Amino acid sequence: MKELYAEGLVTHSDPESWGRTRKDPAQALTGALAGPDTEPRKLLSDVDPVPVAGRPNGLARHDECQVDPTRSMTQGTSGTFDHENREILQVPGGVARLCRMVKGPTRTTIMNALGKSDEDVVPLSHRRPTGRGMGEGRSETAENPRQSATSGAQDPGSVSIGLERVREAARRDGKMRFTSLLHLVTLVALEEAYAALQRQASPGVDGVTWAAYGEGLATRLADLHGRVQNGTYRCQPSKRAWIPKADGSKRPLGIACLEDKIVQQAVSRILTAIYEEDFANFSYGFRPGRSQHQALDALWVGIREREVNWIVDADIQGFFDSIDHEWLMKFLEHRIGDKRILRLLRKWLRAGVSESGEWSRTTVGTPQGAVISPLLANVFLHYALDQWVTWWRNHEASGAVIFVRYADDFVAGFQSQADAQKFLHDLRERVAKFGLRLHPDKTRLIEFGRFASANRAGRGEGRPETFNFLGFTHRCGTRRSDGGFIVLRQSMAKRMGATLHRIGQHLLLHRSLPMDDQGRWLAAAVRGWFGYHAVPGNTSALRAFRDRAIEAWRRALQRRSQTAKVGLSWEVMRRLADRYLPKPCVLHPYPSQRLIVRI
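Criteria and thresholds
- Residues numbered from 1 in each chain as written.
- Predicted model: local features only at pLDDT ≥ 70, side-chain atom pairs only at ≥ 80, totals over all residues.
- Heavy atoms only, no water.
- Helix = DSSP H or I, 4+ residues; strand = E, 2+ residues; numbered from the N terminus.
- Contact = heavy atoms within 4.5 Å.
- Areas by Shrake-Rupley, 256 points an atom, 1.4 Å probe, with all protein chains shown as cover.
- pLDDT = per-residue confidence, 0-100.
- Patch = residues over 30% accessible without salt bridge, like charges linked within 9 Å, V, L, I, M, F, W, Y side chains within 5 Å.
- Salt bridge = Lys/Arg side-chain N within 4 Å of Asp/Glu carboxyl O.
- Lys, Arg positive; Asp, Glu negative; His and termini not counted.
- Charge placed at Lys NZ, Arg CZ, Asp CG, Glu CD.
- Buried < 20%, exposed > 50% of the residue type's maximum accessible area, 1.4 Å probe, protein only.
- Axes fitted to C-alpha atoms, helices over the stretch in contact; angles between N-to-C directions.
- Left-handed = near helix turned anticlockwise from the far one by under 90°.
- Nonpolar A, V, L, I, M, F, W, Y, C, P; charged D, E, K, R; others polar.

Undergrad: In this structure, what is going on with the overall build of the protein? I would like to understand it.
TA: Counting secondary structure elements, the protein contains 19 helices and 13 strands. A fraction of 74% describes how many contacts in the protein between residues 6 or more apart in sequence connect residues 24 or more apart. Surface exposure of the protein reaches about 26400 Å², of which carbon and sulfur atoms provide 50%.

Undergrad: How do you make sense of the confidence of the model for the protein when you look at a structure like this?
TA: Residues shown with low pLDDT carry predicted positions that ought not to be read at fine detail. Looking at the protein as a whole, its pLDDT mean stands at 78, while 72% of the residues score no less than 70. Ranking the elements of the protein by mean pLDDT puts strand β1 (residues 7-8) last, at 34, and helix α12 (residues 417-432) first, at 97.

Undergrad: What am I meant to see in a positive patch on the surface here?
TA: Taken together, the side chains of Arg251, Lys442, Lys494 and Arg495 make up a positively charged region of the molecular surface. Tracing the backbone through its elements, the reader meets Lys442 in the loop between α12 and β10 (444-447).

Undergrad: I would appreciate a short explanation of the pattern of salt bridges in the present structure.
TA: When their charged atoms lie close together, side chains carrying opposite charge are able to pair. Under the defined criterion, the tally for this structure stands at 27 salt bridges. The partner of Glu465 in a salt bridge is Arg444, with the nearest N and O atoms 3.6 Å apart. Of this pair, Glu465 sits in the loop between α13 (452-458) and β11 (467-469) while Arg444 is found in strand β10, placing the two residues 21 residues apart along the sequence. Assessed through its relative accessible area of 28%, Arg444 is described here as partly exposed. Salt bridges sharing common partners tie together Glu168, Arg171, Arg172 and Glu277.

Undergrad: Would you take a moment to explain the packing of helix α16 (residues 539-558) against helix α18 (residues 570-580) for this structure?
TA: Axes are the key here: two packed helices are described by the angle between their axes and the distance separating the axes. Where α16 meets α18, the closest approach of the two axes is 10 Å, and the angle between their N-to-C directions is 120°. Crossing angle aside, the handedness with which α16 passes α18 is right-handed. The residues of α18 that touch α16, namely those facing Arg546, Ile550, Glu551, Trp553, Arg554 and Leu557, are Trp570, Met573, Leu576, Ala577, Asp578 and Tyr580. Each residue belonging to the contact of α16 with α18 can be placed in one class, and the counts come to eight nonpolar, no polar and four charged.

Structure (structure tokens):
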């Protein structure tokens with residue numbers, strides 16, 4: 001396969017696409033950075049130049065000690081391949097503690113550097129590390145001192161120190177290739193990876209559950225660690241499962257074995273420390289400290305504050321099943337030089353899937369449901385799409401451009417129709433070079449923005465078209481107070497109907513349970529739906545969802561007996577609903593309040 005990149009430098013104007021140039025440093029969750037920010041990177045020759053963003057490389061800060069971030073923490077690990085990165089096989093105290101934790105009723109996990117669950121309300125601003133601007137949601141990072149050679153690699157602190165060195169080196173030098181990373185997959189790292197997994201997740205082809213693996217956990221992890229370090233670890237094929245989608249089709253999932261999940265979690269943590277310094281700030285999917293609501297807020301502010309008149313709503317068809325393995329490995333090799341890490345990644349990609357006892361080879365794609373898949377997908381799109389979008393915006397666009405991506409679903413806004421049409425044409429060609437194609441039904445160019453209604457009315461056309469993004473239908477609207485333009489976000493009717501159907505089926509199936517149990521379960525379901533959809537302007541959908549959930553509960557209760565219909569009037573159901581179900585209310589602030597953006 002041809003080498004695709006050439007040397008190049010590009011300046012990130014404002015990664016959240018709030019325009020062509022950055023005008024104010026106080027830009028938070030949109031990702032717009034303060035000051036010049038460049039990262040020289042290897043680009044592939046032979047295809048259109050793909051610029052990259054970042055910061056100057058190779059520059060130490062004042063008297064900063066130049067520490068090799070990839071140096072093994074284990075005593076005496078330098079030397080040939082046969083001897084490097086060998087860890088001392090011992091059982092840390094944390095593993096023994098975890099053994100006692102397995103049977104406990106609560107999930108007490110060690111989550112160093114793994115990030116936290118997204119909150120309902122995102123903080124107003126997040127500071128990035130010094131020198132990189134604001135917007136990543138990471139704390140200030142200081143240089144860590146070189147660890148003493150007498151410190152054992154199984155010390156929990158050594159893992160975090162090693163990851164912090166890797167992160168700092170990736171931030172400092174955008175071209176650095178990390179040639180020694182596997183030594184960071186220690187017993188402690190595997191222990192933390194095991195603790196981070198979902199306890200109730202379905203088992204893989206081996207049938208081993210999280211709780212079953214916890215019996216004799218110390219011995220199991222020590223054996224797994226030894227196999228990973230000496231190269232005898234063998235991954236197993238993923239178990240194929242199918243889940244229904246809102247459009248009636250089915251989504252294929254690949255359920256990995258528990259040991260594969262543990263190793264993937266540990267390796268993913270290492271790679272995340274590197275690539276979080278590279279990923280574009282308009283990328284929100286499957287990244288620590290980032291959420292769907294941050295992507296929605298960035299899009300809302302961009303359309304409202306920028307001169308956006310046209311929208312390209314795009315989706316890559318079957319993206320996870322179409323990732324080219326060769327291209328993915330080439331992209332990974334730009335930053336990862338540790339051949340043992342690359343060998344592990346190839347094993348997972350080529351492990352295949354098992355369905356109904358029959359194994360099939362996988363030559364393209366990465367299984368949805370695998371722990372490592374979201375990170376690999378982001379790496380692929382970072383090189384195949386994000387860098388190209390940044391270059392196109394800076395070199396091809398004649399007007400304002402905004403861009404927001406969440407996984408393989410993304411939206412671009414343009415000031416001029418000509419830019420929008422050219423972008424969509426070039427986008428199809430770009431993704432085709434990497435074996436991808438845009439979904440024909442989910443990719444559209446529509447007129448949308450503050451002048452869309454007036455322009456279409458002048459041409460004798462109807463209301464502006466709408467588009468869907470991350471579960472919300474976006475519409476052009478006006479404020480009641482002054483008639484100004486506003487972007488209305490309403491829950492997608494199809495998805496809301498599918499959720500209510502599942503709720504009704506569950507209530508019907510469990511209608512014989514005590515009323516209190518049913519009420520508490522339904523309250524949790526309604527509260528969870530409100531937690532995501534309770535955005536400003538969506539109150540009518542909240543009320544409709546609650547009313548239809550009450551109606552589904554009433555239908556289920558009426559099936560309990562022949563006489564149940566008599567006592568279940570709407571007055572009775574309203575009293576039950578007031579006792580258990582939350583009232584509709586807005587839980588999220590306006591994006592302009594949560595996203596402190598000065599443009």
